Amino acid sequence: MLEVTGLTKRFRSRTGVVEAVRGVSFSVAAGEVLAFLGPNGAGKTTTIKMTAGLIRPDQGTVTIHGLDLCHRQSAAVQHIGAVLEGSRNLYWRLTVMENLLYWGAMRRIPYRQARLRAMDLLEQVGLTDRAKNTVQTLSRGMQQKVALCQALMHRPSVLLLDEPTLGLDFESSEGIKNMVRHLATDGTAILLTTHQLDVAEELSDRVAIIRGGQLILEDHTKAVLQQYSRSAYAIVTETPLPSSVLASMSDLPGQVNVISSQRLQYVPRDGDTETLYDLLGLLKPYPLLQVERHQADLAEVFQQVVNSEGEV
Amino acid sequence: MIGMLMAEWRRTVVETVRYPLETISSMATLFIVFAGLFYGATYITNSPIGGGRLTTVVVGYAVWMTMMAATGDLGWSIQNEAQNGTLEQVMMFPWPPVVIFLVRAFTAIVAFVLPMVAVLLGLLAMTHIHLQWHWAAVVPFAWALGTAWGLGLIVASIALLFKRIGQVLNIVQFAMLFLILAPIADFSAWGWRILSTIAPFTAQVTLLRDVLSQGKASLWLWMESGINFSLMILLGILLFIWATRVARSRGILGHY
């Protein structure tokens, strides 16, 4: 659905030429959410804007729905919707409905059809009763929902979301996330950039991390989390363990870290799946509260990947 | 295209109607200025005034106002969109940006001219003053408007690349005042003659003045005016397309 190949962008500044994006390639299939992550100044926004046709790349191509964005921009942008960070995305002096009708008409949707589409979208985001309110009177969360509706008026097959939940309260944030899930289920390819890594982890099917203008990781989110999860177990008991029991654990192969008298961390040797059961045997008959294998989250992965040594 | 035109028209009308104080203030200003022109001319000449002289003064002022609005609107539109954060969304429409902004300029000028004509007609009815009008004057007026849009696109190109255009517009407006009101075409020196041919507005305003006062103008003036208008609008369009390309290439469309 969205195919980005070898994108490169250099900007000239007073201090010289800055290579903001270097040979970035990725694709987003229909119904897929790709979380595009990176620290500030890594080249995320430049990449997303090149994908939207707002910045012309020095090299590389963006293909949307089989259409080359550079050569067939007018046709290609009909398949893109975007909610850009730092932009209002809407006319504040117009009402919600007037905005949606305007953006719809500018994307070649007939008036009546646009009206029906607008009403449907407002119902989906729970803003039907706000249709006649001017945008400037809405809360930040509501404005963001309307901006999302605006981007969806023409039923784009590719949706670009730049920090869609930034600065929103829990309820608004959940509303946006539900909408994104719903759109992905309906077959929209979604490119999501955000600094809220929990949001990225919740929503994404795949993750790409950019650093210094270069893509340094791209894989399925689950696979990435699996890869970065350590083979360590957290064990919590309901009652404190006697010191004799704690001492007996030191003979086991692997490493047992006693965090407290009720909390242990066990790191087995590579490939050893048996010793865990020996350890649990030593704990008998003390009641267990929790036995859990360590699971990395995206924040941990991000930190490790971005801070890792290596030529970029 | 019709859909886009209608959408822009609806947006313009809604914004005008939603904030009536702005509209009423601008109509009141027009009323005061036109009344000042009518009664001021009567007071200064100490005799009832009408016909050719007043027509020239009133039309000259109306043309200047319209041209100022037409020239400034394109630049302000870009600056405001960039400031409000909607420019990037507009640039993602499936229309060439130059077409979008020319359609906007058209709807904005219709919304500007309609109240002005209403005020003028109202005042003429109240004062029983008769202006000399020839329908042929519509052509030089339209050409002057096209010239203003050409100049406006040049200002808009500057706005796209540099965003803040307040000072540029000040200079442009004073230059326009000179080009529209000074009788450059009547100056005999060669330098002035050349300036009147290549500078925007002078040829169209001279043509408009001749058509209004005499009901006709020389073929040379019609040609000079038409060619001048065509070149100005073409220059504006080409420059705007170039500026859009440069802004995309530098990644400064969303900057303000």
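Note that the structure is a prediction, hence the values are computed from the model and not measured.

### Points about the overall build of chain A
Item 1. Scanning chain A from terminus to terminus reveals eleven helices and 14 strands.
Item 2. The C-alpha atoms of chain A give 25 Å as radius of gyration, which overshoots the globular expectation for 312 residues (20 Å, by more than 25%).
Item 3. Taken across its 312 residues, chain A has 48% of its residues classed as buried.
Item 4. For chain A, long-range pairs separated by at least 24 residues make up 69% of all intrachain contacts whose partners lie at least 6 apart in sequence.
Item 5. As displayed, chain A offers around 14700 Å² of accessible surface, 48% of which is attributable to carbon and sulfur atoms.
Item 6. Here chain A contributes 31 positive and 33 negative side-chain charges, whose respective centroids are spaced 12 Å apart.

### Examining the sheet that holds strand β4 (residues 59-64) of chain A
All names here are of chain A.
Item 1. The sheet built from four strands is open, its strands ordered β2-β1-β4-β5 with antiparallel pairing. With one partner strand each, in any of the chains shown, β2 (16-28) and β5 (67-68) form the two edges of the open sheet.
Item 2. As paired elements, strand β1 (residues 2-13) and β4 share five bridges and run antiparallel to each other. Each residue of the ladder has a partner; that of Leu2, found in β4, is Ile64.
Item 3. Running over the sheet, helix α1 (residues 44-51) touches β1, β2 and β4 and is turned about 120° from β1.

### Thoughts on the domain arrangement of chain A
Item 1. Looking at the assigned domains, one finds that chain A contains domain 1 (2-227) and domain 2 (230-293).
Item 2. Once you take the C-alpha centre of each, domain 1 of chain A and domain 2 of chain A turn out to be 46 Å apart.

### Here's the deal with the interface of chain B and chain A
Item 1. The partner chain A presents 35 residues to the 31 residues of chain B that form the contact.
Item 2. Buried surface at the junction of chain B and chain A, both sides included, amounts to about 3000 Å², of which 55% is carbon and sulfur.
Item 3. Our enumeration of links across chain B and chain A arrives at three salt bridges.
Item 4. Put simply, Lys49 of chain A and Glu88 of chain B hold a salt bridge, and the shortest N to O gap is 2.8 Å.
Item 5. Along the contact surface separating chain B from chain A lie 18 residue pairs in polar contact (both at pLDDT 80 or more).
Item 6. Where the side of chain B that touches chain A is concerned, the elements lending two or more residues are α1 (2-18), α3 (51-84), α4 (87-90), α5 (97-127) and α10 (219-250) of chain B.
Item 7. Across the side of chain B that touches chain A, the residue classes tally to twelve nonpolar, seven polar and twelve charged.

### Examining unusual backbone geometry
Residues and elements named next belong to chain A.
Item 1. The step from Lys284 to Pro285 runs through a cis peptide bond, and the omega angle for that step is 10°.
Item 2. Following the sequence through the fold, Pro285 ends up in the loop between α10 (275-283) and β14 (288-293).
Item 3. Phi is positive for Arg155, close to 50°, though the residue is something other than glycine.
Item 4. With respect to the secondary-structure elements, Arg155 resides in the loop between α5 (140-152) and β7 (158-162).
Item 5. You can call Arg155 exposed: its relative accessible area is 59%.

### Considering the side chain of Arg211 of chain A
Item 1. Relative to the helices and strands, Arg211 of chain A is located in strand β9 (residues 206-211).
Item 2. Separated by 2.8 Å, the side chain of Arg211 of chain A and the backbone oxygen of Val306 of chain A make a polar contact.

### Remarks on the packing of helix α6 (residues 138-162) of chain B against α10 of chain B
In a pair of packed helices, the angle between the axes and the distance between the axes together describe the arrangement.
All names here are of chain B.
Item 1. At their nearest, the axes of α6 and α10 sit 8 Å apart, and the two run at 20° to each other. Considering the angle they form, α6 stands roughly parallel to α10. For the crossing formed where α6 meets α10, the hand is left-handed.

### Description of the pairing of strand β12 (residues 255-260) of chain A
All names here are of chain A.
Item 1. Across five bridges, β12 lies against strand β13 (residues 263-267) in antiparallel orientation. Paired with Val256 across the two strands is Tyr266, which belongs to β13.
Item 2. Hairpin connection from β12 to β13: two residues lie between these consecutive antiparallel strands.

### Let's talk about the sheet that holds strand β11 (residues 233-237) of chain A
Residue and element names in this part refer to chain A.
Item 1. Here four strands make up an open sheet; going across it, the order is β12-β13-β11-β14 and the pairing antiparallel. What marks the edges here is a single partner per strand, and that holds for β12 and β14. Going across the sheet, the axis of each strand differs from the next one's by a mean of 15°, ignoring polarity.

### Side note on helix α4 (residues 111-124) of chain A
Residue and element names in this part refer to chain A.
Item 1. For α4, built from 14 residues, the straight-helix expectation of 20 Å at 1.5 Å per residue is met to within 8% by its first-to-last C-alpha distance of 20 Å.
Item 2. Listed in full, the buried residues belonging to α4 are Ala114, Arg117, Ala118, Leu121 and Leu122. Angularly, the buried residues of α4 cover 130° about the axis, an arc narrow enough to put them on a single face. Turned more than 90 degrees off the buried face of α4, the exposed positions are Arg112, Leu116 and Glu123.
Item 3. For α4, the elements touching its buried residues are α3 (96-106), α5 and α6 (170-185).
Item 4. Residue Gly126 follows α4 closely and has a positive phi angle near 70°.

### Considerations on the packing of aromatic side chains
The description of two aromatic rings rests on the distance between their centres and on the angle between their planes.
Residues and elements named next belong to chain B.
Item 1. If you walk through the whole model with that rule in mind, you get twelve aromatic pairs over all chains.
Item 2. Geometrically, the ring pair formed by Phe34 and Tyr61 is edge-to-face, given 5.8 Å between the ring centres and 90° between the ring planes. With Phe34 in helix α2 (residues 20-45) and Tyr61 in helix α3, this residue pair connects regions lying 27 residues apart in the sequence.
Item 3. The exposure class assigned to Phe34 is buried, which follows from its relative accessible area of 0%.
Item 4. Both rings, one in Trp143 and one in Phe229, keep their centres 6.1 Å apart while their planes meet at 10°; by these two values the pair is stacked.

### A look at the environment of Arg18 of chain B
Item 1. By the element assignment, Arg18 of chain B lies in helix α1.
Item 2. By relative accessible area, Arg18 of chain B is classed as partly exposed at 29%.
Item 3. It is 28 Å that separates the C-alpha atoms of Arg18 of chain B and Gln173 of chain B, two residues lying 155 residues apart in sequence.
Item 4. Other than its neighbours up to four places away in sequence, Arg18 of chain B contacts Arg93, Leu94, Thr95, Glu98 and Thr134 of chain A.
Item 5. A distance of 3.1 Å separates a polar atom in the side chain of Arg18 of chain B from the backbone oxygen of Arg93 of chain A.

### Re the nonpolar core
Note on soluble globular proteins: their nonpolar side chains tend to be buried together.
Item 1. The biggest cluster of nonpolar side chains holds 152 residues, and the ones touching the most others in it are Leu2 and Phe26 of chain A together with Phe34, Met67, Met176 and Phe201 of chain B.
Item 2. By residue number, the principal contributor to this core is α3 of chain B, which donates 15 residues.
Item 3. Counting residues in hydrophobic clusters, the runner-up holds 16 residues, among them Leu197, Ala200, Val207 and Ala296 of chain A.

### A few points about α6 of chain A
The periodicity of an α-helix, 3.6 residues per turn, causes residues three or four positions apart to be oriented the same way.
All names here are of chain A.
Item 1. Between the first and last C-alpha of α6 there are 22 Å, a value that for 16 residues agrees with the 22 Å anticipated at 1.5 Å per step.
Item 2. For α6, the complete set of buried residues consists of Ser172, Ser173, Ile176, Lys177, Met179, Val180, Leu183 and Ala184. When α6 is viewed along its axis, its buried side chains cluster within an angular range of 155° and face the same direction. Relative to its buried face, α6 has exposed residues pointing more than 90 degrees away, namely Phe170, Glu171 and Thr185.
Item 3. Against β3 (33-37), α4, α5, β7, β8 (189-193) and α7 (197-203) lie the buried residues of α6.
Item 4. Looking one or two residues beyond α6, the residue adopting positive phi is Gly187, at roughly 105°.

Rules of the game
Residues numbered from 1 in each chain as written. Chains lettered and ligands numbered in written order. Predicted model: local features only at pLDDT ≥ 70, side-chain atom pairs only at ≥ 80, totals over all residues. Heavy atoms only, no water. Helix = DSSP H or I, 4+ residues; strand = E, 2+ residues; numbered from the N terminus. Rg over C-alpha atoms; globule rule 2.2 N^0.38 Å. Buried < 20%, exposed > 50% of the residue type's maximum accessible area, 1.4 Å probe, protein only. Contact = heavy atoms within 4.5 Å. Areas by Shrake-Rupley, 256 points an atom, 1.4 Å probe, with all protein chains shown as cover. Lys, Arg positive; Asp, Glu negative; His and termini not counted. Charge placed at Lys NZ, Arg CZ, Asp CG, Glu CD. Pairing = 2+ DSSP bridges. Axes fitted to C-alpha atoms, helices over the stretch in contact; angles between N-to-C directions. Domains from an automatic or database assignment. Buried area = accessible area lost by both parts, 1.4 Å probe. Salt bridge = Lys/Arg side-chain N within 4 Å of Asp/Glu carboxyl O. Polar contact = N/O pair within 3.5 Å; in protein donor to acceptor, adjacent residues only side chain to side chain. Nonpolar A, V, L, I, M, F, W, Y, C, P; charged D, E, K, R; others polar. Parallel < 35°, antiparallel > 145°, perpendicular 65-115°, else oblique. Left-handed = near helix turned anticlockwise from the far one by under 90°. Expected span 1.5 Å × (residues − 1). Arc of directions from axis to C-beta. Phe/Tyr/Trp six-rings, centres within 6.5 Å; stacked < 30°, edge-to-face > 60°. Core = buried A, V, L, I, M, F, W, Y, C linked by side-chain atoms within 4.5 Å.

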